[in-house]
Amino acid sequence: MSYFLPHLTNGWQVDQAILSEEDRVVIIRFGTDWDPTCMQMDELLYSVAEKIKNFAVVYLVDNTQVPDFNKMYELYDPCTTMFFFRNKHIMIDLGTGDNNKINWALDSKQELIDIVETVFRGARKGRGLVVSPKDYSTKYKY
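Worth saying up front: this structure is predicted, and the values here are computed from it rather than measured.

(A) Fine view of the sheet that holds strand β5 (residues 88-93). As summarised here, the arrangement of the 6 strands in space is β1-β3-β2-β4-β5-β6, forming an open sheet in which the pairing is mixed. Lying at the two open borders of the sheet, with one neighbouring strand each, are β1 (7-8) and β6 (129-131). As paired elements, strand β2 (residues 25-31) and strand β4 (residues 79-85) share 6 bridges and run antiparallel to each other. Within the sheet, the bridge partner assigned to valine 26 lies in β4 and is phenylalanine 84. Against the sheet, helix α2 (residues 36-49) contacts β2, β3 (56-62) and β4, and its axis sits at roughly 155° relative to β2.

Following this line, the structure appears as structure tokens:
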């Protein structure tokens, strides 16, 4: 599904995507199109893109082609999803200890929509850190 979502192919395009959106959250999935986790996340992002188009826009960045942000955002995982609003990185407390990004594929469309909506509402109020509607600290059931 990644071929349906817009790809940003260089650092300038990523910067412009983040800078140009004034009223919507910019969701950027960093990773590769061939990675299974990214494929799962891309399918989920594509399936909700139409529902969230009024308050969010989705872009994909291949971090092997655009390595500019790997060190800056600590993109060491195969698939990473980050949120930006009005040229500001919006952090989200998911209960995992890493508030900068989501580094796994979510399972449910509604979970993703809830997270994006929470990010949008918090960012619009000027918050740089929002709390996820669901606690993912027990994501892995032992």
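That was the structure; now back to the text.
(B) Highlighting the side chain of glutamate 111. Of note, glutamate 111 is situated in helix α3 (residues 109-124). The class for glutamate 111 is buried, based on a relative accessible area of 19%. Side-chain polar atoms of glutamate 111 contact the side chain of tyrosine 136, separated by 2.8 Å. Apart from the residues within four sequence positions on either side, glutamate 111 is in contact with Leu106, Lys134 and Tyr136.

(C) Structural detail: α3. For α3, which comprises 16 residues, the first-to-last C-alpha distance of 22 Å matches the rise-based estimate of 22 Å (1.5 Å per residue) to within 8%. Buried residues of α3: Glu111, Leu112, Ile113, Ile115, Val116, Val119, Phe120, Gly122 and Ala123, and no others. At its buried positions, α3 is contacted by β2, α2, β3, β4, β5 and β6. Sitting at the amino-terminal end of α3 is serine 108, which places a side-chain oxygen 3.2 Å from the backbone nitrogen of glutamine 110.

(D) Spatial organisation of the pairing of β5. Inspection of the sheet shows β4 paired to β5 by 3 bridges, in the antiparallel sense. Counterpart to phenylalanine 83 in the pairing with β5 is isoleucine 90. Connecting β4 to the next strand, β5, in antiparallel fashion are 2 residues, including arginine 86 with a positive phi near 50°. Pairing between β5 and β6: 3 bridges, direction parallel. The partner of isoleucine 92 across the bridge, within β6, is valine 130. Between β5 and its parallel partner β6, the chain crosses via α3, and the hand of that crossover is left-handed.

(E) Region of the structure containing a nonpolar patch on the surface. A cluster of nonpolar residues, Tyr3, Phe4 and Tyr46, forms a patch on the protein surface that exposes about 370 Å² of accessible area. Take tyrosine 3: it is sitting in the segment before β1. Given a relative accessible area of 63%, tyrosine 3 falls into the exposed group.

So, how was this worked out
- Residues numbered from 1 in each chain as written.
- Predicted model: local features only at pLDDT ≥ 70, side-chain atom pairs only at ≥ 80, totals over all residues.
- Heavy atoms only, no water.
- Pairing = 2+ DSSP bridges.
- Helix = DSSP H or I, 4+ residues; strand = E, 2+ residues; numbered from the N terminus.
- Contact = heavy atoms within 4.5 Å.
- Axes fitted to C-alpha atoms, helices over the stretch in contact; angles between N-to-C directions.
- Buried < 20%, exposed > 50% of the residue type's maximum accessible area, 1.4 Å probe, protein only.
- Polar contact = N/O pair within 3.5 Å; in protein donor to acceptor, adjacent residues only side chain to side chain.
- Expected span 1.5 Å × (residues − 1).
- Right-handed = clockwise from strand over helix to strand, strands pointing away.
- Patch = residues over 30% accessible without salt bridge, like charges linked within 9 Å, V, L, I, M, F, W, Y side chains within 5 Å.
- Areas by Shrake-Rupley, 256 points an atom, 1.4 Å probe, with all protein chains shown as cover.
- Salt bridge = Lys/Arg side-chain N within 4 Å of Asp/Glu carboxyl O.

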